[in-house]
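Here's the letter readout for the chains.
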Amino acid sequence: MKKFNPKSGLFKCALLSISLMLMIAPQISSVLPLMYSSFPQVSRAAVETLSTIPNIGIVVGLIISPFLIKLIGTKPTVITGLAIALLAGTYPMYAASYTPILISRFLLGAGIGLFNSLAVSLLSKFYQGNELSTMLGFQNSMGSVGAAVFSFCVGLLAVMGWHATFAIYLVALPVMLLFGLVVSLPNEKSKGTDTENSPVKEENKINGSVVEISLIMFFMYVFFMPMTFKLPQLATTQKIANVSQIAFVSSVATLVGIPVGMCYGYLKKKLQDLILPIGLLLQVVGLLALAYATNLPVLVIAVIVLGTGFGLSVPYIFNWLDEAAPRNSVNFATTITLVLVNVGCAASPTIIDWLGSNLGNGSPRADMTMAGAGMIILFCYSLIHYFKVRKH
């Protein structure tokens, strides 16, 4: 098979292409209102779980991935993950029963989880220095680009019914072919391939800071995710937008992450540790603005504010994790954090529904308000963290 130069544009595109899949799982959330009537025997919370259950699958995939890499190698693991994502992701196109669809959504997440961490770690195998930093920046944006594009596609496909929207997962096929034909990796199964070139041995240790950061990320995703699964219900019940318009609004929220990511380095240099409280405050404002939006323009502005705050908070927290994790245990700490992130995403509908029902009136507006209240608590905690860092 022809070997492509890692410096070539085609090789870089192939390597980055798998990142398009990382945020694709919840993009069908805008058609949830169309699915409620198809499954009258299950609750709305259970239907909303279809948009978040892939996150549990991602956790399983993240755990299995290191063992599968040792067994069959890195490239076959990526191809296996993409194949599972293709088959499981498109299954609801022709399925009509809730339980099989739920299982397929879980398997979609598991497939993505197999190559989730590899989307970042593979870059360091081919690039160093400024080129690596540039590629990491592109990688971070690719997820947002994919989410925005596929959310827009969902809006176009929704006119043919909710089954058709699952066609977005067909993108796994060209990604699998591109990665499989262009990217060549060393044979990890030969002894000494990686260990000889690695100056340090990875350790599996965590400390109090890793636990703290993981919990912050867990709750931040619990309170952020209603933007994906509650927004469609809120917008349709309040007669603010239709399904296609909701898909457009969702794509705006993810597109915001691209310029914010590009400007993050500059903003971090200027704002330093103040960037986390600012990011969380913007998320509070965005969630509460969503809860009480009365028209489409306010809805769009609210998701822009929310997306900006989210785009500032996440890279700061991962940078904090990189500095706080025990030496030689950054990869393990990152995996622990990613696991908590995905558990938070999956648990979000249940937690938000419980809060909305017990502390509010159970309406979508009450649920979104509860999410905003939860984010206020995180914002207050971030202020404590900021003053603690300044003091030291």
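These numbers were taken from a predicted model, which means no experiment stands behind them.

Caption draft 1: Highlighting the overall build of the chain. Counting its regular elements, the chain contains 19 helices and zero strands. Residue pairs in contact within the chain that sit at least 24 positions apart in sequence constitute 82% of those at least 6 positions apart. A total of about 17400 Å² of accessible surface is found on the chain, and carbon and sulfur atoms cover 67% of it.

Caption draft 2: Local environment of helix α16 (residues 275–291). Taking 1.5 Å per residue as the helical rise, α16 with its 17 residues ought to reach 24 Å, and the 24 Å between its terminal C-alpha atoms agrees with that figure. Residues of α16 that are buried: Ile275, Leu276, Pro277, Gly279, Leu280, Gln283, Val284, Gly286, Leu287, Leu290 and Ala291.

Caption draft 3: Structural view of the packing of α16 against helix α19 (residues 364–391). Where α16 contacts α19, the two axes come as close as 8 Å, and the packing angle between them is 165°. Overall, the two elements α16 and α19 adopt an arrangement that is roughly antiparallel. Considering only the axes of α16 and α19, their crossing is left-handed. A breakdown of the residues in the contact of α16 with α19 according to their chemical character gives 17 nonpolar, five polar and one charged.

Caption draft 4: Quick look at the environment of Val298. With respect to the secondary-structure elements, Val298 resides in helix α17 (residues 296–324). For Val298, a relative accessible area of 33% puts it in the partly exposed group. Spatially, the C-alpha atom of Val298 lies 9.8 Å from that of Ile240, the residues being 58 residues apart in sequence. In this view, Val298 contacts Ala289 and Ala293; residues no more than four positions away in its chain are not counted.

Caption draft 5: Summary view of the packing of helix α11 (residues 208–224) against α17. For the pair α11 and α17, the least separation of the axes is 10 Å and the interaxial angle reads 165°. By the angle between their axes, α11 is roughly antiparallel relative to α17. Crossing angle aside, the handedness with which α11 passes α17 is left-handed. Contact with α11, carried on its side by Ser209, Val210, Glu212, Ile213, Ile216, Met217, Met220, Tyr221 and Phe224, involves Leu306, Phe310, Ser313, Val314, Ile317, Phe318, Trp320, Leu321 and Ala324 of α17 and no other residues of that element. Classifying every residue of the contact of α11 with α17 by side-chain character gives 15 nonpolar, two polar and one charged.

Caption draft 6: The arrangement of the nonpolar core in detail. Judged by nonpolar contacts, the single largest core of 118 residues is most densely connected at Leu15, Met35, Ile112, Met220, Leu290 and Met375. The greatest single-element share of this core, amounting to 13 residues, is contributed by α17.

Caption draft 7: Seen up close, the packing of aromatic side chains. Counted under the stated rule, the structure contains twelve aromatic pairs. With centroids separated by 5.7 Å and ring planes inclined at 55°, the aromatic side chains of Phe39 and Trp162 adopt a geometry described as tilted. Of this pair, Phe39 sits in the loop between α2 (32–36) and α3 (44–72) while Trp162 is found in helix α9 (residues 162–165), placing the two residues 123 residues apart along the sequence. In this structure, Phe39 and Trp162 share a single accessibility class: buried. Seen from their ring centres, Tyr316 and Trp320 are 6.4 Å apart, and the 50° between their planes marks the pair as tilted. Separated by four residues within a single helix, Tyr316 and Trp320 lie in helix α17, roughly one turn from each other. Like Trp320, Tyr316 is buried. Taken together through their ring pairs, the aromatic side chains of Phe39, Tyr98, Trp162, Phe166 and Tyr169 make up a single cluster.

Caption draft 8: Structural detail: the environment of Asn5. With respect to the helices, strands and loops of the structure, Asn5 is situated in the segment before α1 (9–17). Measuring from C-alpha to C-alpha, the distance between Asn5 and Val182 comes to 9.2 Å, with 177 residues separating the pair along the chain.

Caption draft 9: Structural detail: the side chain of Thr90. Tracing the backbone through its elements, the reader meets Thr90 in helix α4 (residues 74–90). The class for Thr90 is buried, based on a relative accessible area of 10%. A distance of 2.7 Å separates the side chain of Thr90 from the backbone oxygen of Leu86, its partner in a polar contact. Among residues more than four places away in sequence, those in contact with Thr90 are Ala85, Phe166, Tyr169 and Leu170.

About the criteria used
Residues numbered from 1 in each chain as written. Predicted model: local features only at pLDDT ≥ 70, side-chain atom pairs only at ≥ 80, totals over all residues. Heavy atoms only, no water. Helix = DSSP H or I, 4+ residues; strand = E, 2+ residues; numbered from the N terminus. Contact = heavy atoms within 4.5 Å. Areas by Shrake-Rupley, 256 points an atom, 1.4 Å probe, with all protein chains shown as cover. Expected span 1.5 Å × (residues − 1). Buried < 20%, exposed > 50% of the residue type's maximum accessible area, 1.4 Å probe, protein only. Axes fitted to C-alpha atoms, helices over the stretch in contact; angles between N-to-C directions. Parallel < 35°, antiparallel > 145°, perpendicular 65-115°, else oblique. Left-handed = near helix turned anticlockwise from the far one by under 90°. Nonpolar A, V, L, I, M, F, W, Y, C, P; charged D, E, K, R; others polar. Core = buried A, V, L, I, M, F, W, Y, C linked by side-chain atoms within 4.5 Å. Phe/Tyr/Trp six-rings, centres within 6.5 Å; stacked < 30°, edge-to-face > 60°. Polar contact = N/O pair within 3.5 Å; in protein donor to acceptor, adjacent residues only side chain to side chain.

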